[in-house]
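# An overview of the molecular structure
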Amino acid sequence: MERHAACLLFLLPGILAGPLPRSTCASECLLPMNPKFSYEVGKAYVYNFQTTTETAITGTSKDVAIVTLSGVATVNVLNPCDFSLQISKTKVRASNEKVDAGPLEKQPLLFSFRDGTIEKVCPNDEEVTWALNIKKAVLSLLQHTPDGLKFADSTIETDVAGRCPTNYTIIEKGAILKKRDLTLCSGRLGRFSAVPTVSYSASAQTQTVPIFRANSECRMLVNKGVVESSQCIETHLLRPLSSVAGGGAQTKAVASISLQSTKKASSFKAENLNEESLLFDSSLPDLGSADRDLVYGLAKDICKALSSDQGELIPGLFSHLVHAVRRCSVRDLRWAYDKLVAKKSCPQVEKAVSIFLDSLPNAGTPGAVTLMALLINEGKISEARQRTWFEHLHFTKYPAKEALKSLYVIIDKPQPLTQALIGVSGYARKVCESLGSECATDPEIQVFTVKMSKHLGNKCRAKDVIEEKKILATLKALGNIGGAHKDVQNTIRDCIQDPSLPVQTRLAAFQAVRSRACETSDLLLSILANSNENVEIRIASYLGAVKCPTYSTMKKIQEVLQNEQINQVGSFIQSHLDNLKSSSSPGKEEIRKMARSVSHGRSFPFDFRKFSRNLEFDYFCTENNAGWDADLNIIYSPESYLPRSASMNFTLDLFGQSMNLFEIGGRFEGLEYLIESYFGPEGIYRANEVLPTAQERFGNLNEKFWSRFNSLLRPKRAAPVNKAEIEALGKVMNLDKTFYNPPKGDFFLRLFGAEVATYSYRRGLDAPDADIIFDQIFRVLGNLIDGAKNQQVEIARSVMFLDRISTFPTIAGLPLRLALNGTASLALDFESQIDVKAILRDPKTASLGLTIIPMASTEISASMGVEVNNLRYGVKTILNLHSSRGGGMKASWHQGKSFEFKLDLPKTKMSLVDAKSSLYVFSQNIDDGSEKLQKMNVLNSVEYKRGGCVESASSLLGLRYCRQYAMLVPPAPTAVGAIKDITPVFPLSGHFDGSIYIEKTEPSMTGIHVIAKGSNNGGKTSFEIIFDTPGSQTDRKIVFTGIGFNTQSRYGIEGKAQLSGKSYEAKVYTDMAQSSSRLTVSPVIEYTLPNGKKDVLVTGRVVIEEGKKITFEVAPSGSWKKLELGASGKYSVILYLR
């Protein structure tokens, strides 16, 4: 024992000074009395090793992506507990392509070996990740963790596959079988996502996202204490869309080693060694680099697709553009942007520029973020797009300090946008997360916080409402960052402690230190213990203190609680502690234990309608390792009977990872006096007077509304504010300025722990009344009306709404990457000629024109494949949805006597929905982003085709409605007693191509034209309607003329239609006969065919007897009598005739 202590004291200075060259990887060398393995020190054991991975969609195609790796693995026994591994003679082939295996052979790997258990490996600093993972896989084949070789055992084993429950059985002497269900393993999932999570430990059966059905089986042969051979077979079947019989996206991995010879061990030169476990390193390779010409070329391709009506290509091109932008420097991106703007390479270049700008926040790399900052500073980006960009900064995947530095120009502005402060701080938060514990002391972060703190004014003291809002936004922005300069921290402390500041400002200062609770614990506890402090401030200090729980902190909270005299504080703390004690959330395990050590001393009221309280609703299922936790805070103040603030925090626990999905909350004050002013005993709406008073006030508002609306149609003039009316309103409401507390509201939204949105509402006594609000509304409405007169809008936007990669290890040491990517594009050409004022002034003489050409397209791709040396091979499915249609419309009225309508249809085919889904085998170069796709050959493919067109309206409109689709899938089993269908679920079952569209029957047809005319002469109304399809070869012109008549005994309509040179006539009328107590109505429908034949279609009679009954009968007449149809009835009613 003394010798071990002396060794530790000797090593301590070296540990504190940083990594030093060392010759051992084992922390200690303690071997059992009777070891099961007998590797000889000084000897080298030479193994042949081979791994194969096959990725395919079983049940659909025989096409497969194969990666094979073979070579020699030499294990050198340096001492009883330190071995080294050297890889040589390596060959790597992927889908018949040779892959450079040089990095595998460059560095030997030192590892500790304690009688079959490999506790850790010590790679060189220069070891590349993918090569190290393969070496870990080779070592995993050599590992045997049970105590002996002769008995079955179950244990938890850590290797390249994860920390897994493992069952060992003995087949025969020296032959061992090792089985495990990989879904029960922890430490397997590697995520590359913008969503931050916190790990938790739970004794649950499921430890990994059960997206795969994965199993492993190994056979090991041990002879004379040496592993002679070992082979492991793994299958990974993607559960979603798989069939019961096992068909679907699947990767099979096989790894094996076999002893070939022994020789003298090679020496090992230990330099710059690190230390880690056998667990797989799932980190992604570097992005690589892209040529600036590639970025420009992709943007130009998007421009051409927009110009040539190939919108279905845009989402895929946009996805490639985003990935290319990620690999470019800011200099290359600026070159591509400037060239795209300057070159009029296609008619839709402005739309292409818009989509290029959309790619920058979706890329999120330092080069993209730096270009965003430059363009904003140059004033080239609209405020609306800026807001979108700032929202994206919270979720970037590639934060970097150099990009953060470029954002200084945004926060250095005297009056930056609130979204700018919040968004840039969100980016700084991401940088902090990448720095880890170094964030608090990083010079760049400290400089950033100092610049940000300049917006705090004089220690959070605001001169006016505008500065107050800026200070609140700055404090919330600082709360997003994990570190801050010492001077900034002191300023925030001063803001917290200053009792002269508004409560909402001090509360925001608490949030500014929410990520540094341990550093401010003493300050928070001292504020909590001060019974003279504001109630809301004390509760905020408590919530801050428990974020860094220690037994010492809990003891001080207990002392406060035992002596607490204020119910609002005591009831909240007691309810919060009680909820912690009973919480089932695994993320609260540590604080739950500490909370149970706190005794209340006394009981506080728990009525949340009157007293502050914490409410918690949670659920956790240990079997599925999943649950949720909703934490609600309701806080009152002694100054109000209404809650001052409320918030809810929602956390999701899934498979060992906690995600703080969102937190939303708000604080409002001054609302109680407004309620009393309106609904109190002396308020405007007193008891029994609510309805009359409301009618009077809303009547006034209605009169003002129409007065302002009519003013839009007259020449503009200034609308003075009626201050006397404001003062009168104040007298009615008894607004005593010395007592009245103007309404204030503060609201926030946090996603994944970061504040992403904040809003502050302020209103004083001089706030605008209804007149001023109406002025503002109608000013905006007037601008919209003026703008509609001749408006032309061209919009093109794209977004990457899905971008996620999950990594799972394989026994081959290669990462199995599951990637999801989704992009959507929208383009809209809109042109209007609408004189709204003219229409409102004289609706009888007006015209309007409207042209709309929309395009929407979405592409979703999912791939599954293994990766070796920045090359990825696997299977992929791509689903594309596309819609494109358009037309122009013009309508005009002439003196109220005629109406003309034109519908322009420039496209022969108007796509409602085009859907396409295909399966591919792919190979991708991660360095340059290039990808090769080979369409899968479907196994014994059967093609199903369906579709057709509805022609019922084509003879009249010249348009047909069509739908068609084709599927290429494997045949379904038809034989009696056949096995279950192995074919997976669509879209993994084959290829699909379908569309729904409207098509012109004649491409020459330009549209539809309708003219309607009418006149009234001597009680008779005449009209004419002309319908035509200009440009069509088929004569579809219809002229319908008619006269409406209304006499004392008959009223109706008669008309004539001219169609293709033929004349059709029709007459619809009713005869009426009325006495003092009886009315008889006789409807008749007559028609005349082009051959001159006249006929009566329908006749009938309705008799109404006053106060008694209604009798009716209607039936076909003339040659239609043979149909034997009709209707009759009798109803008793009380009806009086006039």
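Before reading on, note that the structure itself is shown above.
Let us look at the structure shown here. Remember, it's a predicted structure, so these values are computed and weren't measured experimentally.

The rules behind the values
- Residues numbered from 1 in each chain as written.
- Predicted model: local features only at pLDDT ≥ 70, side-chain atom pairs only at ≥ 80, totals over all residues.
- Heavy atoms only, no water.
- Helix = DSSP H or I, 4+ residues; strand = E, 2+ residues; numbered from the N terminus.
- Buried < 20%, exposed > 50% of the residue type's maximum accessible area, 1.4 Å probe, protein only.
- Contact = heavy atoms within 4.5 Å.
- Areas by Shrake-Rupley, 256 points an atom, 1.4 Å probe, with all protein chains shown as cover.
- Salt bridge = Lys/Arg side-chain N within 4 Å of Asp/Glu carboxyl O.
- Expected span 1.5 Å × (residues − 1).
- Arc of directions from axis to C-beta.
- Disulfide = S-S within 2.5 Å.
- Pairing = 2+ DSSP bridges.
- Phe/Tyr/Trp six-rings, centres within 6.5 Å; stacked < 30°, edge-to-face > 60°.
- Lys NZ or Arg CZ within 6 Å of the ring centre and 35° of its normal.
- Polar contact = N/O pair within 3.5 Å; in protein donor to acceptor, adjacent residues only side chain to side chain.

When helices and strands are tallied, the chain shows 27 helices and 40 strands. Buried positions account for 46% of the 1138 residues belonging to the chain. Across the chain, contacts joining residues at least 24 apart in sequence account for 65% of those joining residues at least 6 apart. Counting only carbon and sulfur atoms, one obtains 55% of the accessible surface of the chain, whose full area is about 56300 Å².

The subject of this paragraph is the pattern of salt bridges. Going through the model one piece at a time under the given rule, you end up with 44 salt bridges. Salt-bridge contacts for Lys451 lead to Asp412; the nearest nitrogen and oxygen are separated by 3.4 Å. Of the two residues, Lys451 is situated in helix H13 (residues 443–453) and Asp412 in the loop between helix H11 (408–411) and helix H12 (418–435); the sequence distance between them amounts to 39 residues. Linking Arg538 and Glu564 is a salt bridge whose minimum nitrogen-to-oxygen distance equals 2.5 Å. You can see Arg538 sitting in helix H18 (residues 535–545) and its partner Glu564 sitting in the loop between helix H19 (551–563) and helix H20 (567–582), a full 26 residues away along the chain. Classification of Arg538 by relative accessible area gives buried; the value is 1%. Since its relative accessible area comes to 4%, Glu564 is described here as buried. Salt bridges sharing common partners tie together Arg334, Asp338, Glu378 and Lys380.

End to end, H19 covers 19 Å across 13 residues, agreeing with the expected 18 Å (1.5 Å per residue, within 8%). For H19, every residue scored as buried is listed here: Thr553, Met554, Ile557, Gln558, Val560 and Leu561. Angularly, the buried residues of H19 cover 165° about the axis, an arc narrow enough to put them on a single face. The exposed residues of H19 that point more than 90 degrees off its buried face are Tyr551, Lys555 and Asn563. Contacts from the buried residues of H19 go to helix H17 (521–529), H18, H20 and helix H21 (589–595).

Summed over the entire model, instances satisfying the criterion amount to eight disulfides. Across a sulfur-sulfur distance of 1.9 Å, Cys432 and Cys439 are joined as a disulfide pair. Note on Cys432: relative accessible area 6%, which makes it buried. Since its relative accessible area comes to 3%, Cys439 is described here as buried.

The sheet contact formed by strand E16 (residues 626–635) and strand E17 (residues 645–654) spans ten bridges and is antiparallel. Across the sheet, residue Trp628 finds its bridge partner in E17, namely Leu652. Note that E17 and strand E18 (residues 657–669) share ten bridges and pair antiparallel. Looking at the pairing, Asn649 lines up with Glu663 of E18. Counted along the chain from E17 to the antiparallel partner E18, the turn is two residues long, and its residue Phe655 has a positive phi close to 50°.

Each aromatic ring pair is described using two quantities: the centre-to-centre distance and the angle formed by the ring planes. The full count for this structure, using the stated rule, is 21 aromatic pairs. Between Phe747 and Tyr759 the ring centres are 6.4 Å apart and the planes differ by 15°, which places this aromatic pair in the stacked class. In this pair, Phe747 sits in strand E19 (residues 744–751) while Tyr759 sits in strand E20 (residues 754–762), placing the two residues twelve residues apart along the sequence. Given a relative accessible area of 35%, Phe747 falls into the partly exposed group. Geometrically, the ring pair formed by Phe986 and Phe992 is edge-to-face, given 5.8 Å between the ring centres and 75° between the ring planes. Judged by its relative accessible area of 37%, Phe986 falls in the partly exposed class. Phe992 gets classed as buried once you look at its relative accessible area, which sits at 18%. Cluster of aromatic residues (ring-pair linked, three or more members): Phe37, Tyr39, Tyr45, Phe83, Phe111 and Phe113. The ring of Trp335 carries the charged tip of Arg292 above its face, separated from the ring centre by 4.1 Å. For Lys1067, the ring lying beneath its charged end belongs to Tyr1069, and the centroid distance is 5.3 Å.

For the rest of this paragraph, the subject is H13. Three or more residues of H13 are buried, namely Ile445, Gln446, Phe448, Thr449, Lys451, Met452 and Ser453. For H13, the elements touching its buried residues are helix H10 (401–406), H11, H12, helix H14 (465–479) and helix H15 (486–497). The residue sitting at the N-terminus of H13 and contributing the capping side-chain oxygen is Asp442; that oxygen lies 3.0 Å from the backbone nitrogen of Glu444.

Apart from glycine, the bulk of residues carry a negative phi angle, and the bulk of peptide bonds sit in the trans form. With an omega of 15°, the peptide bond between Phe986 and Pro987 qualifies as cis. By the element assignment, Pro987 lies in the loop between strand E30 (959–969) and strand E31 (991–1000). If you check the backbone angles, Lys224 has positive phi at about 55° while not being a glycine. Relative to the helices and strands, Lys224 is located in the loop between strand E12 (212–223) and strand E13 (226–238). One non-glycine residue, Lys459, adopts positive backbone phi at about 50°. The topology assignment puts Lys459 in the loop between H13 and H14.

With that out of the way, let us pick up the pairing of strand E37 (residues 1078–1088). Two strands pair when backbone bridges link them, and strand E36 (residues 1062–1074) and E37 are joined in this way by ten bridges, in the antiparallel orientation. Counterpart to Met1072 in the pairing with E37 is Val1081. Pairing of E37 with strand E38 (residues 1094–1105) involves nine bridges; the strand directions are antiparallel. Residue pairing across strands places Tyr1087 opposite Asp1095, the latter belonging to E38. Here E37 folds back onto E38 in antiparallel fashion, the turn holding five residues, of which Gly1092 has a positive phi close to 90°.

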